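# Chain and residue survey
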Amino acid sequence: QVQLVESGGGLVQAGGSLRLSCAASGRTFSSYAMGWFCQAPGKEREFVAGISGSGGSTYYADSAKGRFTISRDNAKITVYLQMNSLKPEDTAVYYCAARIGTHRTVVAGHYDYWGQGTQVTVSS
């Protein structure tokens, strides 16, 4: 069982930056691949970025490439999403998620545990 708690969301102007954090519970955090997803009102939850258990492999949605960076600190059992050059269309609730497995996946249904989400609002 893994419990996830996101933080770091807020209101930022277009072009600004935010760093989201996801604190996890459990002693086997490095066994879990992690992902960040976002969900805007009226839209489905979308993949943003993923990272392997060791942190050695990362992958991104096209919309996030070059602007967002996912990372993790297994000693602190925390995963991060650094978001730069934010755009109004990035406005959404951002969720972190965890799963057992090594293959890359952008499918929300493949993740086993979810946080409660943190709101990111980007003003124009």
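Summarised in this report is the structure supplied together with it. (Residues numbered from 1 in each chain as written. Predicted model: local features only at pLDDT ≥ 70, side-chain atom pairs only at ≥ 80, totals over all residues. Heavy atoms only, no water.)

## Observations concerning the pattern of salt bridges
Per the stated rule, a full pass over the model turns up two salt bridges. With its nearest N and O atoms 2.7 Å apart, the salt bridge here joins R67 to D90. In this pair, R67 is assigned in the loop between β6 (58-60) and β7 (68-73) and D90 in the loop between β8 (78-83) and β9 (92-100), connecting sequence segments 23 residues apart. Taking relative accessible area as the criterion, R67 reaches 11% and is therefore assigned buried. Classification of D90 by relative accessible area gives buried; the value is 7%. (Salt bridge = Lys/Arg side-chain N within 4 Å of Asp/Glu carboxyl O. Helix = DSSP H or I, 4+ residues; strand = E, 2+ residues; numbered from the N terminus. Buried < 20%, exposed > 50% of the residue type's maximum accessible area, 1.4 Å probe, protein only.)

## Looking at the environment of S54
Here S54 is to be found in the loop between β5 (46-51) and β6. A C-alpha to C-alpha distance of 8.0 Å links S54 and S31, two positions 23 residues apart in sequence. Not counting chain neighbours up to four residues away, the residues in contact with S54 comprise S30, R72 and N74. A polar side-chain atom of S54 sits 3.2 Å from the main-chain amide nitrogen of G56. (Contact = heavy atoms within 4.5 Å. Polar contact = N/O pair within 3.5 Å; in protein donor to acceptor, adjacent residues only side chain to side chain.)

## Details of the packing of aromatic side chains
If you walk through the whole model with that rule in mind, you get seven aromatic pairs. Between Y32 and Y113, the ring centres sit 6.0 Å apart and the planes meet at 70°, which makes this aromatic pair edge-to-face. One end of the pair, Y32, is in strand β4 (residues 32-39); the other, Y113, is in strand β10 (residues 113-114), and 81 residues separate them in sequence. With a relative accessible area of 21%, Y113 lands in the partly exposed category. Consider the rings of F47 and Y59, whose centres lie 5.3 Å apart with planes at 15°: the pair is stacked. Of this pair, F47 sits in strand β5 while Y59 sits in strand β6, placing them twelve residues apart in sequence. Judged on exposure class, the residue F47 and its partner Y59 are both buried. Aromatic rings pair up to connect F37, F47, Y59, Y95, Y111 and W114 into one cluster. Against the face of Y95 rests R45, its NZ or CZ located 3.7 Å from the ring centre. Lying across the ring of F29, R72 places its NZ or CZ 4.3 Å from the centre. (Phe/Tyr/Trp six-rings, centres within 6.5 Å; stacked < 30°, edge-to-face > 60°. Lys NZ or Arg CZ within 6 Å of the ring centre and 35° of its normal.)

## What about the state of the cysteines?
For the structure on display, the rule yields one disulfide. Residue C22 pairs covalently with C96 via a disulfide, S to S 1.9 Å. Disulfide C22 to C96: torsion about the S-S bond roughly 45°, handedness right-handed. Pair noted here: C22 is in strand β3 (residues 18-24) and C96 is in strand β9, with a separation of 74 residues, a long-range link. According to the relative accessible area criterion, C96 is buried, its value standing at 0%. No disulfide involves C38; its nearest neighbouring cysteine sulfur is the one of C96, lying 13 Å away. (Disulfide = S-S within 2.5 Å.)

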